[in-house]
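# Observations on the three-dimensional arrangement
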Amino acid sequence: MNPTHSHRRADLVHLATEAMHERGLEAEFSELVSAQLAGMSGPAFEASPAIQDLTALLWCSIDNDDSLDLDQLTVSESLADGSVKILVAIADVDALVKKGTPVDDHARHNTTSVYTSARIFPMLPERLSTDLTSLNFNEDRLALVTEMVFDADAVLTGSTVYRALVRNQAKLAYDAVSAWIDGSGALPPEAARVPGMDAQLRTQDALAQGLRQRRRAQGSLEFETFQPHAVFEGEQVVDIRQQVQNRARQLIEEVMVATNGCTARYLAAHGGVSLRRVVRSPERWQRMVEVAQEYGETLPDAPDSKALEAFLAKRHQADPLRFPDLSMVIIKLMGSGEYVIESSATLPVGHFGLAVRDYTHSTAPNRRFPDLITSRLIKAALRQQAAPYDAAELSELAQHCTRQEDAANKVERRMRKSEAAVLLESHLGQRFDALVTGATNDGVWVRIFKPPAEGKLAQGALGLKIGALVHVKLMSTNVERGFIDFALVD
């Protein structure tokens, strides 16, 4: 067994850059982008009666520990009748990045930031996405605010959208906030030093849990996906960790789903066309019915998200170990999300997985180009001006964004395999507990638990069933191709 790692972070950066090029994504910014950045002296500022000054509110951001591109802030108010008013501020990237400029052209080409453990390929230059257009702590920034009111049962009773100036009072992280909510940790110091922030977080968490319960009752699907990321110490990969869902992540997810719905309905109410995010009713529903039958369960003949969610919830409770693999089967059968254009005159396609009719992407304009498009559409509607994109351009962009998102996902999946291979290359011959996760014409696949990684069973695969617990030995790794091969052992 080789006690040292022969591949380092620089090798993974090289592989990631190659993967970007292979998928038609630009890994670097052009000289024209650099020239545009050089002409920017600071964050955008506008003096207008249409821009409300909300800098005194107790805004906070909640994101990953290492996130610097902050797209959204939240603040809430408990009302006398038991309702909750919540405001979601989204970075006004368009205030600094105008349509048709070099920075916008790069964002339009890639359409999304690409996240690999060794290197992030941001959609916008970091001087923008982590500074001038990021909702950074203790900095005044322009934003688009969606104001929503929910009654005591978490039913939306009203919403509006407007422009504002905001200031992040506390930059918080998911895991620390979740530990405090669960009672397993102290209030994060960034929140503790802001009087009233603890009550803010409690109010927002309670609302989010109410929204989550309502969505699940309506058929919103909850999955557990396998997306581990590499942990580095200097240039070495020292661990692979799986992201765990928690209450703080649910808080942001639920509030952003609600915001995206309100944004979609706002644009529909103001006429014209908009860019929607949809997941169609699954064409391969019959195969889902067959999957359920393999577990002794019955699904209706026609697509029914409520029935599917009930099946998934039951399986999650009965067999959490194998639930990520069932989740992946159902996700593949559902098909990928896509972008389409819709108008107030057309029937919405809806989002089958979220069990909502009206949905767009609007809450991450530093990271996703569709969100920047939506921001521009909203601002035009607020000003009662013509939309900056016509139907033909939006239609082309919808298809382009769908294609580029798929390309970015493939880069990220490819690099997760190579990252795991880097960690495991010094463990040849080691034995692991594993779970059989799939069988195709190409072979049988297994997932080991510590570290969380997937590979092919190169020896001893005959007769194994999906879901079987087995013992395997690591035989070989190929970092460049992302291959990990195991052999079955007694």
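## A few points about the sheet that holds strand 14 (residues 431-440)
The 5 strands are arranged 14-15-16-18-17 in a closed barrel whose pairing can be described as mixed. Across this sheet, the average inter-strand angle for adjacent strands is 55°, counted without regard to direction. Pairing geometry for strand 14 and strand 17 (residues 469-478), over 5 bridges, is antiparallel. From the neighbouring strand, phenylalanine 432 faces strand 17, where its bridge partner is valine 472. The strands touched by helix 13 (residues 391-424) are strand 14, strand 15 (443-448), strand 16 (453-459), strand 17 and strand 18 (483-489); relative to strand 18, the strand with the most contacts, the crossing angle is about 60°.

## Things to note about a positive patch on the surface
On the surface, a cluster of positive charge is contributed by Arg23, Lys332, Arg413 and Lys417. Within the element layout of this structure, lysine 417 appears in helix 13.

## As for the nonpolar core
Inside soluble globular proteins, nonpolar side chains tend to come together where they are buried. Membership of the largest hydrophobic core comes to 48 residues, with the highest contact counts inside it found for Leu54, Trp59, Leu128, Val145, Val166, Phe369 and Ile373. The dominant element in this core, judged by the number of residues it contributes, is helix 12 (residues 369-382), at 6 residues. Those residues within four positions of phenylalanine 369 in sequence are excluded, and the remaining contacts are Asp104, Ala107, Arg108, Thr111, Met123, Arg376, Tyr389, Leu397 and Cys401. Grouped together as the second largest cluster of nonpolar side chains are 38 residues, Met20, Ala434, Ala453 and Val479 included.

## A closer look at helix 11 (residues 323-334)
With 12 residues, helix 11 should reach 16 Å at 1.5 Å per residue; the first-to-last C-alpha distance of 16 Å fits that figure. Taken together, the buried positions of helix 11 are occupied by Phe323, Pro324, Asp325, Leu326, Ser327, Ile330, Leu333 and Met334. Residue glycine 335 follows helix 11 closely and has a positive phi angle near 90°.

Procedures and definitions
- Residues numbered from 1 in each chain as written.
- Predicted model: local features only at pLDDT ≥ 70, side-chain atom pairs only at ≥ 80, totals over all residues.
- Heavy atoms only, no water.
- Pairing = 2+ DSSP bridges.
- Helix = DSSP H or I, 4+ residues; strand = E, 2+ residues; numbered from the N terminus.
- Axes fitted to C-alpha atoms, helices over the stretch in contact; angles between N-to-C directions.
- Contact = heavy atoms within 4.5 Å.
- Patch = residues over 30% accessible without salt bridge, like charges linked within 9 Å, V, L, I, M, F, W, Y side chains within 5 Å.
- Areas by Shrake-Rupley, 256 points an atom, 1.4 Å probe, with all protein chains shown as cover.
- Salt bridge = Lys/Arg side-chain N within 4 Å of Asp/Glu carboxyl O.
- Lys, Arg positive; Asp, Glu negative; His and termini not counted.
- Charge placed at Lys NZ, Arg CZ, Asp CG, Glu CD.
- Core = buried A, V, L, I, M, F, W, Y, C linked by side-chain atoms within 4.5 Å.
- Buried < 20%, exposed > 50% of the residue type's maximum accessible area, 1.4 Å probe, protein only.
- Expected span 1.5 Å × (residues − 1).

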